[in-house]
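Observations on chain architecture
What follows is the residue order along each chain.
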Amino acid sequence: MSRSEPVRPARFPPALGPQRTFALVAGVERYEISHRWNLRGPARDALRFARWLTGPGQVPPGNVRLLLSPLDDPDDLDWSDSPAMAALKAAHRPATEENAKSALLDELPQCDGDLLWIFWAGHGYLGPRHELILPCADARPGQIRHLNLDSALRWWHTDMVKHRRFPLQAALVDSCRVDAPRDTRWNFGTTDYGGGNSVPGRKQFRLYASREGEAAQNDAERGAGRFTEALLGELGQRTVQEGVTGLAGAARSIHRTFQDLRERGEGWQLPQFIVDRDWEACSFLDFPDFSGLGETGASAPSAPSAVPRAPRLDQQAWDGLGELFEGRDLPRSAHDAYAWAFTAAGCAPPVHAGLPAESLLEVVQDLDERQGGRTGMPLAVPFVRFLADRAGVGDPAWAARLREWVRATRERLALPALAPPPPPPRRSALHVRLEAPPGGGDGYLARMWLRGERTEHIWESEDAPVGLDAVREELVRRLVLIGGARADGARTDGARADGARADGPPGGGGEAAAPPPGALDRIEFHVPYELLDADFDQWPVPRGPAGRRRALGVLYQVVVRCPQERTDTRAEWHAKWRWLYGRGGRHPDAVRVVEDTDVTDALGMDLGAGPAPACVLAHTAAAPDAGLLEAVLEGGVPVAVWRRGGGLPAPPLLDLLAPAGPDGRPDLGALDVLALPARVREVRRAAAGAAAGSPRSPQPGAGGDRLVLLWDDPDDMPGLRSLA
């Protein structure tokens, strides 16, 4: 059918009416898996839909299978004062998997009807084959019992249901359609109800509250889903026949409502519909002039303008990307570029975190298939633009070629203007490198430099080894000078405060160079293996009046590094870091909690066997130098957290660092490894507040003042030349 042809009105059974209409209506608010899964609204939504069915729809209550698992006592729900709702109140059952399957696959197929309604409100996930999984009230972590709606609808389309029964089937679902958690703690299993041979002429209408990868919005205060609210507003006082014949028009109107919300900025991640087929399997969103006529002769509302879709990349664009991306690994900025592309194109990003593929071309293919949002901008174009901006400092030639591709593609495809990506955070870090003198002896060779938009050496012990006390005193002096230079508005054009150039030879005794723009936020200690467990974060720093001193790790993000031990595992080290950045710092496999029983001679080889894990949390009583740190370095793991000196952290590191998951326990998959320096500082500050008896301390401080964070970023390795 061409786009200019009118859509034929659907034909419905002449006897279609309330007596031959049946329904499964379910609302799930309470889940056994965890109180964090509970949500208020779905039970009320299910009751409201059942009230329409048995009220204006005039469907007999005996034709409705009502499943409810509300947060409150069922008697406290609004059952209304009608005989039909009283009958449903007496007959309703909990929304368990057994009851859902019994109603949908055993009881209703035995009924002799023309129309089946399926209404479900609650949580929703996409399985590995993109089937819609609807968890039931008896879902548990070890077995998340659920209804596989797509499999059930395939079953209903076959001769498992007698040929002459239920030629019309409508599924209306108010749930999210985000990817099911892949953490091994959540066992969704696989469910397929089978089926027989497809029955010609049997029609299904599906209307979901969200597109794949998007969340549906629930108004907890009102106890209502946005989708259900709009749906019931469209159904109003229509009869069943009017409701079913006008479903396509109602869906268009709901689509227009949510599109208006999105354009006003009130519904950035609000529902959109991906299942947009009418009863004749024609797309009702692609025909601006469609006005279908039902059996009653009533004209459906006129359709809104077709939703704008961005153009796909042409062959010339793909040829250019093939040359630009040939032989290139995913850059550090790839994940940020992927996320920003959705913002720039004016559409909601996927709910799941991380890149969809392991190569630049595959990432662009994913973006091109999504096409972009209402602005008409293909997602691939802002993605490449972001890469160009971030590559400008380290690889200006490649950055220029990327920008030229963006310019040529925009002109050739007549794309709209593209705002520049946001600049990277303007932060500075102070690096302190300590190295044992050649031939042994006391003290360490030391160097300090500031790292921001440029690198400036600010102090070096030269050939004279110094003790840690002297390093601490010099560090404190440099911090004071850096703060004074910033307060005095010192130059940041490369001139040193003592008149020397920042790119000249480093030397001791000169004043601190003006820091790069941005606040000094982190101090990184590059140290030999034997100093990894040292208490650098506890070094006292003057702060405020009356000679007050604060621990260094409370004021700054303090981390330790040991790059000289990475020579033999450089490939694993870089691979783990790239893998971590490609997932935005979050992934169920990114973090490994290591206990005493795990610390064996084989632990290092186990940690280095693949790109994951990229972070180790030590829940060990033994000191870290009793095999743990050796294994971390041997495995190429760039990030690790432990308790200084050993001893089981109390509370455990996972409880201190990771947010809670749906079951109320710390969620490894939600822990942002890339944000650990800031998170560890928060824990240290909380420990300091608890030690001082501060009521503002956000959590117990036990053990928080003894945390050590290993943070070996292989992309930021200035000053590798030996100090000897």
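Within each chain, residue numbers correspond to sequence positions counted from 1 in written order. In view of the model being predicted, local features appear only for residues whose pLDDT reaches at least 70, and side-chain atom pairs are presented and counted only at 80 or more, with totals across whole chains, interfaces and linings using the full set of residues. As a rule here, side-chain values come from all non-hydrogen atoms in the structure, and water together with hydrogens is ignored.

Some thoughts on the overall build of the protein chain
Condition: Counting from the N terminus, the helices are DSSP H or I runs at least four residues long and the strands are E runs at least two residues long. Buried means the residue's accessible area, taken with a 1.4 Å probe over protein chains only, is under 20% of the maximum for its type, while exposed means over 50%, and partly exposed covers the values in between. The contact criterion used is simple: two residues touch if any of their non-hydrogen atoms lie within 4.5 Å. Here the accessible surface of atoms and residues is derived via Shrake-Rupley with a 1.4 Å probe, and residues count as covered only by protein chains that are part of the display.
When you go through the protein chain residue by residue, the secondary structure sums to 19 helices and 22 strands. Buried positions account for 53% of the 724 residues belonging to the protein chain. Counted over contacts in the protein chain with a minimum sequence separation of 6, partners at least 24 positions apart contribute 74%. On the protein chain, roughly 31,000 Å² of surface is accessible, and the fraction owed to carbon and sulfur atoms is 49%.

Digging into a positive patch on the surface
Basically, it comes down to this: Only residues above 30% relative accessible area that lack a salt bridge enter a patch, with like-charged residues linked at up to 9 Å and the nonpolar side chains Val, Leu, Ile, Met, Phe, Trp and Tyr linked at up to 5 Å. Whenever a carboxyl oxygen of Asp or Glu lies within 4 Å of a side-chain nitrogen of Lys or Arg, that contact is scored as a salt bridge. Residues scored as charged are limited to Lys and Arg (positive) and Asp and Glu (negative), so that His and the chain ends carry no count. All charge positions are set by atom: Lys at NZ, Arg at CZ, Asp at CG, Glu at CD.
A cluster of basic residues, R543, R548, R550 and R685, forms a positive patch on the protein surface. Position of R543 relative to the elements: it lies in the loop between β16 (540-542) and β17 (549-551).

Details of the pairing of strand β2 (residues 64-69)
Formally: Two strands qualify as a pair provided that DSSP identifies no fewer than 2 bridges between them. We call a crossover right-handed when, viewed with the strands running away from us, the connection from the first strand over the helix to the second turns clockwise.
The buried fraction of β2 amounts to 6 of the 6 residues, a majority that puts the element mostly inside the structure. As judged from the 6 bridges shared by strand β1 (residues 21-28) and β2, these two strands associate in the parallel manner. Within the sheet, the bridge partner assigned to G27 lies in β2 and is L68. Read as a crossover between parallel neighbours, the route from β1 over helix α1 (residues 42-54) to β2 is right-handed.

Regarding the sheet that holds strand β3 (residues 115-121)
Here is the rule: What counts as an axis is a line fitted to C-alpha atoms, over the stretch in contact for a helix, and the angles between N-to-C directions run from 0 to 180 degrees.
Read across the sheet, 5 strands follow the order β2-β1-β3-β7-β9 without closing on themselves; strand pairing throughout is parallel. Each having just a single partner strand, β2 and β9 (203-208) make up the two edges of the open sheet. Averaged over all neighbouring strand pairs, the angle between strand axes comes to 5°, with direction disregarded. Alignment of β1 against β3, held across 7 bridges, turns out to be parallel. Each residue of the ladder has a partner; that of L24, found in β3, is I118. Lying on the sheet, helix α4 (residues 149-156) is in contact with β3, β7 (168-174) and β9; it crosses β9 at an angle near 165°. Sitting on the sheet, helix α5 (residues 226-235) touches β3, β7 and β9, and the angle it makes with β7 is about 135°.

Describing the sheet that holds strand β5 (residues 132-135)
Reading across from one edge, β6-β5-β4-β8 is the order of the 4 strands in this open sheet, with mixed pairing throughout. Sheet topology places β6 (146-148) and β8 (178-179) at the edges, where each strand pairs with a single neighbour. Examined bridge by bridge, strand β4 (residues 125-126) and β8 share 2 bridges and lie parallel to one another. Of the residues in β8, the one forming a bridge with Y125 is V178.

Brief notes about the side chain of E435
Rules: Distance and chemistry together define a polar contact, namely a pair of N or O atoms within 3.5 Å, with one atom able to donate a hydrogen and the other to accept it when in protein, and with adjacent residues in sequence counting only for side-chain atoms on both sides.
In this fold, E435 is placed in strand β12 (residues 427-435). Of the polar contacts made by the side chain of E435, one reaches the side chain of R433; its length is 3.1 Å.

Some thoughts on a negative patch on the surface
Residues D601, D625, E630 and E634 make up a contiguous surface patch of negative charge. The residue D601 is located in the loop between β19 (591-595) and α16 (603-607) in this model.

Structural notes on the packing of helix α8 (residues 315-325) against helix α10 (residues 360-370)
Relative placement of two packed helices is described by the angle separating their axes and the distance separating the axes. Our working rule: Throughout this description, any angle smaller than 35 degrees is read as roughly parallel, any larger than 145 degrees as roughly antiparallel, any in the 65 to 115 degree range as roughly perpendicular, and the remainder as oblique.
It is at 10 Å that the axes of α8 and α10 come closest, and there the two elements cross at 150°. The orientation of α8 relative to α10 falls into the category roughly antiparallel. When α8 is examined against α10, the residues W318, L321, G322 and F325 are found in contact with a partner set consisting of L360, L361, V364, Q365 and D368.

Focus on the packing of aromatic side chains
Here is the rule we go by: Ring pairs are drawn from Phe, Tyr and Trp, using the six-membered ring of Trp, whenever the two centres fall within 6.5 Å, and their geometry is named by plane angle: stacked under 30 degrees, edge-to-face over 60, tilted for the rest.
A full pass over the atoms with the stated rule returns 17 aromatic pairs. Between W155 and W156, the aromatic rings sit 6.2 Å apart at their centres with planes inclined by 65°, giving edge-to-face as the arrangement. For the pair shown, W155 and W156 are each scored as buried. The interplanar angle of 85° and the centroid separation of 5.5 Å between the aromatic rings of F525 and W539 together place this pair among those described as edge-to-face. Of this pair, F525 sits in strand β15 (residues 519-526) while W539 sits in the loop between β15 and β16, and the two are 14 residues apart along the sequence. The burial state of F525 is the same as that of W539; both residues are buried. Among the aromatic residues, ring-to-ring pairing joins F22, W155, W156 and F166 into one connected group.

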